[in-house]
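Fold and geometry: a report
One letter stands for each residue in the lines below.
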Amino acid sequence: MVQHFRSWFTNPKRWRSLLKSLGGTVLLTSLGVAGCVLLLRQLGGLEGAELNAYDQLVRSRQSKDFDHRLLVVGISETDIQTRNEFPIQDGTLAQLLDRLLENQPRAIGIDIARDVPQGNNRDALLQILEESDLIAATCVLSSKDDPGIAPPPGVPDDRVGFADFPKDNLGVIRRIALVSSPGISDYPIVNPSLCSDVNADLQPPSLSLLLSLMYLEREGIAATEAPNGDIQIGSVVFNRLQPNAGGYRNADTPDYQVLLNYGSLDSIRQVTLTDVLENRIDPNWVRDRVVLIGYTSQIANDVFLTPLGEEIPGVVIHAHATSQILRAVLDQRPLLWYWPEGIEMLWIVGWAVVGGVVAWSVRKTLVFIVSEGVALGVLYGACYFIFLKSGWVPLVPPAIALVGSAVGVVLVDRATKGGYTQAIYEQVRDQVKVVLKPKIEIDQEKRAKQVSEITESGYFQDLMVRAKTIRERRAMEENETPPKPSNPSDSQS
């Protein structure tokens with residue numbers, strides 16, 4: 001195969017033929033195929049395949065990227081069975097918070113609803129939540145079909161974050177909302193909270209954004225507004241996710257969303273409720289860290305599908321989101337980015353042309369298959385390399401365009417060489433003639449009939465005789481000679 005390509009590049013005739021074909025078979029076919037792919041993509045027909053390809057890239061990228069700033073205290077199935085508590089009682093939650101506060105964390109986030117009392121010692125829990133400025137409570141935003149869940153009473157609004165996740169098809173979590181607003185609910189809301197008051201001036205932040213800002217406050221870093229209106233933390237701008245970002249098509253992004261750049265499955269340390277209550281953890285795992293508390297048991301029904309290929313508890317997803325913000329600001333870890341739509345279109349068209357050129361230049365079937373396989377491998381390698389740099393570029397559409405263009409060029413090229421193209425052209429031309437000919441013949445027949453009717457009429461015959469008599473008289477006057485006798489048959493000429 002190497003010898004084949006070497007001889008191809010050193011052959012001038014090949015280059016002249018290539019330039020000629022690029023303006024005809026290759027370019028037109030490639031643009032046609034690319035146009036079909038772009039149209040299908042714009043209509044959303046490839047979104048599922050593109051998101052699946054994205055998930056594959058996320059799983060392929062896994063690395064050891066442990067984040068020491070985070071700790072998840074999970075309430076496991078064993079904790080529930082051992083304590084015979086579900087939901088976890090207010091007294092148990094208060095005891096857990098006391099133990100964690102003893103080890104001086106920077107921030108604690110509670111991903112557990114506490115809008116209504118659960119068990120005993122409610123007052124002890126509410127006192128801790130009100131007095132400690134290191135604890136962030138959670139709520140659920142109201143919507144048309146859901147009144148939401150209010151935060152625990154007495155917690156200031158500046159320490160309340162919502163727990164909602166934007167969901168893709170099948171409930172996969174690939175993005176997060178940093179800031180959002182409650183929606184108007186069909187259910188009556190007696191005491192509106194920050195997460196259900198549609199008239200509130202303050203938009204609630206997500207739990208992950210709130211915990212990140214609480215952690216960064218110790219570093220002297222705060223959130224500001226970037227020149228383009230987006231959120232800026234330190235020197236990092238968190239660009240708002242667009243509806244057609246990456247492989248999405250008309251995604252529901254009414255609030256402030258960004259792509260969630262997951263770490264590996266073991267990048268966040270996790271311990272259990274029992275581990276903390278029985279002092280079985282290293283205090284340094286808590287000191288100066290962000291601690292999140294939530295259910296990890298399946299019975300809580302708080303698990304979600306993720307690109308990592310596994311279902312992950314909501315509290316762990318919050319931890320990954322918090323880690324993403326902190327790493328971006330403090331470690332300069334790039335946020336996930338994507339190209340503008342115009343560049344994505346050029347990328348897809350370019351790979352369609354590559355497929356067409358390869359198909360035109362290769363004549364042997366085996367070499368053609370191998371060459372197309374190599375081109376697909378290069379495409380995947382390029383997308384994977386860019387993804388390692390946190391860039392999400394189209395993979396499925398250019399792959400379809402590459403293969404489709406190659407097949408199209410082969411079919412068109414063989415049809416042209418086999419005379420089928422010319423035969424099709426002639427067939428179309430003949431069909432056009434057949435369609436037009438009856439109309440022409442009908443028009444000619446109609447015209448002849450009309451002429452015949454006119455010439456056979458008595459008026460026309462008399463007119464012809466008079467005209468002939470006038471011509472003969474004029475000729476006689478000019479020549480001063482008697483006219484020749486008229487032939488009766490001439491009157492019909």
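Residues numbered from 1 in each chain as written. Predicted model: local features only at pLDDT ≥ 70, side-chain atom pairs only at ≥ 80, totals over all residues. Heavy atoms only, no water.

**So, the packing of helix α10 (residues 341–361) against helix α11 (residues 365–388)**
Applied cut-off: The axes are straight lines fitted to the C-alpha atoms, using for helices just the contacting stretch, and the angles between their N-to-C directions are given from 0 to 180°. Helix numbering and strand numbering both begin at the N terminus, where a helix is a DSSP run of H or I of at least 4 residues and a strand a DSSP run of E of at least 2. The scheme is simple: roughly parallel for angles under 35 degrees, roughly antiparallel for over 145, roughly perpendicular for 65 to 115, oblique for anything else. Each helix crossing is assigned a hand: it is left-handed if the near helix lies turned anticlockwise from the far helix by less than a right angle, otherwise right-handed if that turn is clockwise. The contact criterion used is simple: two residues touch if any of their non-hydrogen atoms lie within 4.5 Å. For this scheme, ten residues count as nonpolar: Ala, Val, Leu, Ile, Met, Phe, Trp, Tyr, Cys and Pro. Four count as charged, namely Asp, Glu, Lys and Arg, and the remainder, Gly too, count as polar.
The interhelical angle for the contact between α10 and α11, taken along N-to-C directions, is 160 degrees, at an axis separation of 10 Å. On the basis of the axis angle, α10 is roughly antiparallel to α11. The interaxial crossing formed by α10 with α11 has right-handed handedness. Where α10 abuts α11, its residues W347, W351, G355, V358 and A359 lie against F368, S371, E372, A375, V378, L379, A382 and C383. Residues that form the contact of α10 with α11 fall into these classes: 10 nonpolar, two polar and one charged.

**Structural notes on the sheet that holds strand β6 (residues 223–225)**
Worth spelling out the cut-off: Strand pairing follows a simple DSSP-based rule, namely that at least 2 bridges must link the two strands.
Strand order across the open sheet formed by three strands is β6-β7-β8, with antiparallel pairing between neighbours. With partners counted over all chains shown, the strands left at the sheet margins are β6 and β8 (236–238), one partner each. Taken over all neighbouring pairs, the strand axes of this sheet differ in orientation by 35 degrees on average, direction set aside. When strand β7 (residues 231–233) meets β8, the two strands line up antiparallel, connected through three bridges.

**Looking at the side chain of Q257**
This is how it is decided: Here's how the labels work: a residue is buried when its accessible area is under 20% of the maximum for its type, exposed when over 50%, partly exposed in between, all with a 1.4 Å probe on protein chains only. Any N or O atom pair separated by 3.5 Å or less is treated as a polar contact, with the protein-specific requirement of one donor-capable and one acceptor-capable atom, and with residues adjacent in sequence counted only for side-chain atom pairs.
Within the element layout of this structure, Q257 appears in strand β9 (residues 256–259). For Q257, a relative accessible area of 2% translates into the label buried. At 3.3 Å, the side chain of Q257 and the backbone oxygen of D252 are in polar contact. Of the polar contacts made by the side chain of Q257, one reaches the side chain of D255; its length is 2.7 Å. Once residues lying within four places of it in the same chain are set aside, the contact partners of Q257 are P166, R175, I176, A177, N239, R240, L241 and D252.

**Re the environment of V26**
Following the sequence through the fold, V26 ends up in helix α2 (residues 12–42). Placed 327 residues apart in sequence, V26 and V353 show a C-alpha to C-alpha distance of 7.1 Å.

**Quick look at the pairing of strand β1 (residues 70–75)**
In terms of residue burial, β1 counts as a mostly covered element, since six of its six residues are buried. Side chains L70, V72 and G74 of β1 all project onto a buried face; the interleaved residues L71, V73 and I75 project onto the opposite face, where all are buried too. Examined bridge by bridge, β1 and strand β11 (residues 290–295) share six bridges and lie parallel to one another. The residue of β11 that forms the bridge with V72 is L292. Across four bridges, the pairing between β1 and strand β10 (residues 269–272) is parallel. Within β10, the residue paired with V72 across the bridge is Q270.

**Let's talk about the environment of D164**
With respect to the helices and strands, D164 occurs in the loop between β4 (160–162) and β5 (175–179). What makes D164 partly exposed here is its relative accessible area of 26%. Separated by 12 residues in sequence, D164 and I176 have C-alpha atoms that sit 8.3 Å apart. Ignoring any residue separated from it by four or fewer positions in sequence, one finds D164 in contact with C139, V140 and L141.

**Re the nonpolar core**
We apply this condition: Here, the term nonpolar core denotes a set of buried Ala, Val, Leu, Ile, Met, Phe, Trp, Tyr and Cys residues that are joined through side-chain atoms within 4.5 Å.
Counting 51 residues, the largest nonpolar core has L178, L211, I233, F238, L292 and I317 as the members making the most contacts within it. The element contributing the most residues to this core is helix α9 (residues 314–330), with nine residues. Ignoring any residue separated from it by four or fewer positions in sequence, one finds I317 in contact with F165, I173, L260, Y262, F304, T306 and I312. Grouped together as the second largest cluster of nonpolar side chains are 35 residues, I110, C195, V271 and I281 included.

**A short note on the state of the cysteines**
What counts is decided by this rule: Count a disulfide wherever a pair of cysteine sulfur atoms falls within 2.5 Å.
The final tally for this structure, using the stated rule, is one disulfide. Bridging C139 to C195, the disulfide has an S-S length of 1.6 Å. Here C195 lies in the loop between β5 and α7 (207–217) and C139 lies in strand β3 (residues 135–139), a separation of 56 residues in the sequence.

**Remarks on the confidence of the model for the chain**
As a reminder of what qualifies: A score from 0 to 100, pLDDT tells how confident the predictor is in each residue.
Chain-level statistics for the chain give a pLDDT mean of 86 and a share of 79% at 70 or above. In this model, residues 418–426 is a region of pLDDT below 50 whose contacts with residues beyond four sequence positions or in other chains number five contacts. Taken as a whole, residues 488–493 scores under 50 in pLDDT and shows six contacts with residues more than four places along the chain or in a different chain.

**Description of the packing of aromatic side chains**
Put simply, the test is: The criterion for an aromatic pair is that two Phe, Tyr or Trp rings (for Trp, the six-membered ring) have centres within 6.5 Å, with stacked assigned to planes under 30 degrees apart, edge-to-face to planes over 60 apart and tilted to the rest. Any Lys NZ or Arg CZ that is within 6 Å of a ring centre and within 35 degrees of that ring's normal is treated as a charge sitting over the ring.
For the coordinates displayed, the defined rule picks out eight aromatic pairs. Centre to centre, the rings of Y54 and W392 are 4.5 Å apart; their planes meet at 45 degrees, and the pair counts as tilted. Of this pair, Y54 sits in helix α3 (residues 47–60) while W392 sits in strand β15 (residues 391–392), and the two are 338 residues apart along the sequence. Across this residue pair, the class does not change: Y54 and W392 are buried. Taken together through their ring pairs, the aromatic side chains of Y54, Y248, F387 and W392 make up a single cluster. Its end group placed over the ring of Y215, R106 keeps NZ or CZ at 4.1 Å from the ring centre.

**With respect to a nonpolar patch on the surface**
Where we set the bar: Two joining distances apply to patches: 9 Å for like charges and 5 Å for nonpolar side chains (Val, Leu, Ile, Met, Phe, Trp, Tyr), and every residue must have over 30% relative accessible area and no salt bridge. Where accessible areas are quoted, they stem from the Shrake-Rupley method and a 1.4 Å probe; at the residue level, only the protein chains shown are allowed to cover. Every case where a carboxyl oxygen of Asp or Glu lies within 4 Å of a side-chain nitrogen of Lys or Arg is listed as a salt bridge.
Together, L366, V370, V374 and V378 make up a nonpolar patch on the protein surface, roughly 350 Å² of accessible area in all. Looking at where V374 falls in the secondary structure, it is placed in helix α11.

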